Structure formats: C-alpha cells, structure tokens
Amino acid sequence: MKRSLAAMGLVICACAAQAMQKNGEVWHDTAGHVVNAHGGGVLAHGGKYYLYGEHKVYGRAGNKAHVGVHMYSSEDLESWKDEGAVLKVEDKVGSDIEDGCVLERPKILFCEKTGKFVMFFHLELKGQGYKAARVGIAVADKPTGPYVFLRSLRPNAGQWPMNVPEEARTEATKGKFLSATTPWGGKASLWGAHFDGGQMSRDMTLFKDDDGRAWHVFASEDNSTVHVSELTDDYLGYTGRWWRIAELDWTEAVAICKKNGWYYLIGSGCTGWKPNAARSYRARSMTGPWERTGNPCAGVNPANGLGPELTWGGQSNYILKKSEDEYIAMFDIWKPENQVDSRLVWLPVTFNSDGTISIKWK
Ligand code: GAL
C-alpha cells in the first residue's frame, strides 16, 4: 500500500516547529509536520507523555481508517516527537482492522501486572457503516508499540447487568429492555436484544483506578446508555461484571477522571461529527449511581465564536491527570469534510467546591 505523504496527511510546515501548541489551531511535531492524532488520549509513563489518536487522511476518506493509530512522545506536553503509526490497519481482505474500517477513539493503559500496554478502540467492520459496534483490543511491550491486534468483540455476551438484581434476572425482565424510541423518533435497540451476542460498543474510554482495576466505559444500546464494564487483571478481557449508567441520556464521547474520591465523567450528546453541548456526571464509585452535574464548559472559542452550547465546536475525548492538582480535558474539533484538519483543544479542569467541574476556554 503506497501513499504519498500528502495523501497520508503528513504536511510539512514551512515554518519551524511551533514552540507553543494553541487550542483549535494546527499543532506541529518537532519535525514541523502536522500532528495527526485525533479522538485518542495521552498515556503518562516512565516520565514521558505519549499522545496517540486516529491518523486521519485527506478529504472525506478521513472518516474511515486508512493508516491506524498514530503516536507522539513528549517530556513536556508541548513538543511532540513523531513515533509513527503504532497500530496499523491491515491490507488483508476480511481482517477485522482492514484498511477502510472505522477505527476510532483508541485508549491505552499500562498494566502493571503483565508489564504490557493495552489498547482498546471502537471498531466498525469495513463496509458495514456503524452497525458492527465492536471493541478492538491490541497489546504492546513498549508504549510506542508496535501494538499487535488481538481480537474484536461485543462485550459481556450472556452477562446480566449488575444493576439488575439476581431475583429479577428473568426472560420477562430482559424483554423489557429490547428497544426504545429515540428522542428523534427512531428505534434504539437495548441491552436485552444483545444479551446473547454481546453488547454494542461504540464511543469509549478506558479508566485505571488507584487500585489498579481497569474499566472499559462505552456508549452502548444504540448510544442511548453508557456501560461501565470491569476488565480482568491483565486488562485483556472482561470479568462479566457491568453496569448501566446515564440510562437513556444519549451520551457519547465519554472521558473520566477521579479526584478526592469522586469520579467525574464528561461526554457529549449524539449528533455525530456535529458539535453539541457537553454534559458531566459524578459518582462515588465507578459503578454508580452517577449524578448529572450539567454542562461543565464555559467561555468562547474566538476562532468560531462558539461557546458552551456547542462545546466551542468540539467534542470531549480524554482527561489526563497530570498531577494531583492538574487535570487536562481534551477535545476534538472535527472536520468531517477533511478530518486531517481536525483540531485539538486541551483545557484545565477546575474542581468546584459544590462538587461540579468547570472547563473554561483559553
Ligand atoms: C460521533 C463520535 C465520533 C464518530 C462520529 C461518527 O458521535 O463521537 O467518534 O463516531 O460520531 O459520526
């Protein structure tokens, strides 16, 4: 598979690499190339930061995966060295991660127990639109990969949600959760319909708690409800314990952090690549109950005049805990006509005394 640098979205900046990355502007790596990592996150490991995300190509083709997951490393979160494509789509026809599939929102955790780096991502099989709703899992020995694709699946086949008590685990209960009407008048298929085959899994994040337990949190049930799913000790599979949260809230683009014993979740509504208002939740436990805490965003993006009603034109993506006092919320401003031009927005999270969080444009 040969592609020109331009087709791969590697544009060399005539200017020297920028010292400062600015929110909503084009970011450059240390070689002067445009940073090409969207919908991903940042892994902090061994005194370094690793920025990773979807590598986009030019034009509408960028709405599908043609390269894979791109990574950059940094010591200061400012100057980014290109580490290349660390998980590559495959040419092989019929591969789950075939060139032309949808590979979105990769997230990486380091597993202390195994010493491996584990990547989960939202996967849609080539040629099936967004119907497959699967999660892909890959693993590497080093943060910079290469990540070896292990498998894709729909989580928790045959497993009851933990929020359904044992005595209520009957066919009749399942039957009540087959479908629902969407706010826009369509039909959404709920967990009961996916009990045997595994739950739908689209927009997603991974979260590692202080005790080392890891969680896969994803938009499920046709994006109507978020599932919080416990991972096994090696982070490569599921324990089968899962909880439904933000039920029928239609929350996508989930990102999670923890501070002072509170878990915070930010997300967006369901309008595809188009921006909408962000929302937040908080809980004392990953498994809930999660309480709605409103739109955390404030301020206006001067480049497009958009404020919190449209998340400055962006959509939430990840929250990096840099230190006990510094949390950085990350957003993408998508450009579906030319995703290689999508922009990154990183803003500090403020934890308010009333238990809410704020994220202000700057
Ligand atoms: C968004 C989602 C993106 C992408 C897009 C496709 O809602 O957050 O990751 O899947 O829809 O339309």
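Residues numbered from 1 in each chain as written. Predicted model: local features only at pLDDT ≥ 70, side-chain atom pairs only at ≥ 80, totals over all residues. Heavy atoms only, no water.

Focus: the overall build of the protein
Then comes step 1: Summing up its helical and strand segments, the protein has one helix and 23 strands in all.
Then comes step 2: What you see for the protein is a C-alpha radius of gyration of 19 Å, in line with the 21 Å of a compact globule of 362 residues.
Then comes step 3: The dimensions of the protein, computed from C-alpha atoms along their principal axes, are 65 × 55 × 45 Å.
Then comes step 4: Burial analysis of the protein (362 residues in total) assigns 57% to the buried set.
Then comes step 5: Here the contacts in the protein between residues at least 6 apart in sequence split such that 48% fall between residues at least 24 apart.
Then comes step 6: Element-wise, carbon and sulfur atoms account for 53% of the exposed surface of the protein, whose accessible area totals about 14800 Å². (Helix = DSSP H or I, 4+ residues; strand = E, 2+ residues; numbered from the N terminus. Rg over C-alpha atoms; globule rule 2.2 N^0.38 Å. Buried < 20%, exposed > 50% of the residue type's maximum accessible area, 1.4 Å probe, protein only. Contact = heavy atoms within 4.5 Å. Areas by Shrake-Rupley, 256 points an atom, 1.4 Å probe, with all protein chains shown as cover.)

Overview of the site of the ligand
Then comes step 1: The full set of residues close to the ligand is Glu104, Arg105, Tyr130, Asp203, Glu252, Gly272, Trp273 and Gln315.
Then comes step 2: Between the ligand and Glu252, the relevant distance is 2.4 Å, taken from an oxygen atom to a side-chain nitrogen or oxygen of the residue.
Then comes step 3: Gly272 places a polar main-chain atom, nitrogen or oxygen, 3.2 Å from an oxygen atom of the ligand.
Then comes step 4: Protein coverage of the free-state accessible area of the ligand, which is 310 Å², stands at 89%.
Then comes step 5: Grouping the amino acids of the shell around the ligand by side-chain chemistry returns two nonpolar, two polar and four charged. (Near = heavy atom within 4 Å. Polar contact = N/O pair within 3.5 Å; in protein donor to acceptor, adjacent residues only side chain to side chain. Nonpolar A, V, L, I, M, F, W, Y, C, P; charged D, E, K, R; others polar.)

Some details on the sheet that holds strand β22 (residues 343-351)
Then comes step 1: The strand order β19-β23-β22-β21-β20 describes an open sheet built from five strands, whose pairing is mixed. Bordering the open sheet on either side are β19 (297-298) and β20 (315-321), each of which pairs with just one other strand.
Then comes step 2: In this sheet, strand β23 (residues 357-360) lies alongside β22 in antiparallel orientation, the contact comprising three bridges. Counterpart to Phe351 in the pairing with β23 is Ile357. (Pairing = 2+ DSSP bridges.)

Digging into the sheet that holds strand β2 (residues 48-54)
Then comes step 1: An order of β1-β2-β3-β4 is seen for the four strands of this open sheet, with the pairing classed as antiparallel. Because the sheet does not close on itself, it has two edges, and the strands there are β1 (38-45) and β4 (81-88). Between one strand axis and the next, the sheet turns by 25° as a mean value, whatever way the strands run.
Then comes step 2: Taken together, the six bridges between β2 and strand β3 (residues 68-74) define a ladder with antiparallel strand orientation. The partner of Gly53 across the bridge, within β3, is His70. (Axes fitted to C-alpha atoms, helices over the stretch in contact; angles between N-to-C directions.)

Quick word on the side chain of Lys174
Then comes step 1: Within the fold, Lys174 resides in helix α1 (residues 171-175).
Then comes step 2: There is a polar contact of 2.9 Å between the side chain of Lys174 and the side chain of Glu171.
Then comes step 3: Apart from residues lying up to four places away in sequence, Lys174 is in contact with Trp160, Trp191, Gly192 and Phe195.

Describing the packing of aromatic side chains
Then comes step 1: Going through the model one piece at a time under the given rule, you end up with 17 aromatic pairs.
Then comes step 2: Aromatic rings pair up to connect Trp160, Phe177, Trp191, Phe195 and Trp242 into one cluster.
Then comes step 3: One cation-aromatic arrangement involves Lys259 over Phe351; the distance from NZ or CZ to the ring centre is 5.6 Å.
Then comes step 4: Over the ring of Trp262 we find Arg282, and its NZ or CZ is 3.7 Å from the ring centre. (Phe/Tyr/Trp six-rings, centres within 6.5 Å; stacked < 30°, edge-to-face > 60°. Lys NZ or Arg CZ within 6 Å of the ring centre and 35° of its normal.)

What about the nonpolar core?
Then comes step 1: Judged by nonpolar contacts, the single largest core of 39 residues is most densely connected at Leu87, Leu103, Met119, Phe121, Tyr147 and Trp346.
Then comes step 2: Once residues lying within four places of it in the same chain are set aside, the contact partners of Met119 are Val69, Val86, Leu87, Pro106, Lys107, Ile108, Gly136, Ile137, Ala138 and Tyr147.
Then comes step 3: With 19 residues, the next largest nonpolar core counts Ile333, Leu347, Val349 and Trp361 among its residues. (Core = buried A, V, L, I, M, F, W, Y, C linked by side-chain atoms within 4.5 Å.)

Here we look at the pairing of strand β15 (residues 252-259)
Then comes step 1: A large share of β15 lies buried, amounting to eight of its eight residues.
Then comes step 2: As judged from the six bridges shared by β15 and strand β16 (residues 262-268), these two strands associate in the antiparallel manner. Bridge pairing links Cys257 to Tyr264 in β16.

Side note on the state of the cysteines
Then comes step 1: Applying the stated rule across the entire model yields zero disulfides.
Then comes step 2: No disulfide involves Cys257; its sulfur sits 13 Å from the nearest other cysteine sulfur, which is in Cys297.
Then comes step 3: With no disulfide of its own, Cys270 has Cys297 as its nearest cysteine by sulfur position, at a separation of 16 Å.
Then comes step 4: For Cys270, a relative accessible area of 19% puts it in the buried group. (Disulfide = S-S within 2.5 Å.)

Notes on the pattern of salt bridges
Then comes step 1: Here the structure, examined in full by the defined rule, presents 26 salt bridges.
Then comes step 2: Here Asp203 makes a salt bridge to Arg105, at a shortest N to O gap of 3.3 Å. Of the two residues, Asp203 is situated in the loop between β10 (187-189) and β11 (204-208) and Arg105 in strand β5 (residues 102-111); the sequence distance between them amounts to 98 residues.
Then comes step 3: The exposure class of Asp203 is buried, given its relative accessible area of 7%.
Then comes step 4: A network of salt bridges, in which partner residues are shared, links Asp211, Arg213, Glu230 and Arg241. (Salt bridge = Lys/Arg side-chain N within 4 Å of Asp/Glu carboxyl O.)

Purely spatial values, then, with no claim about function.
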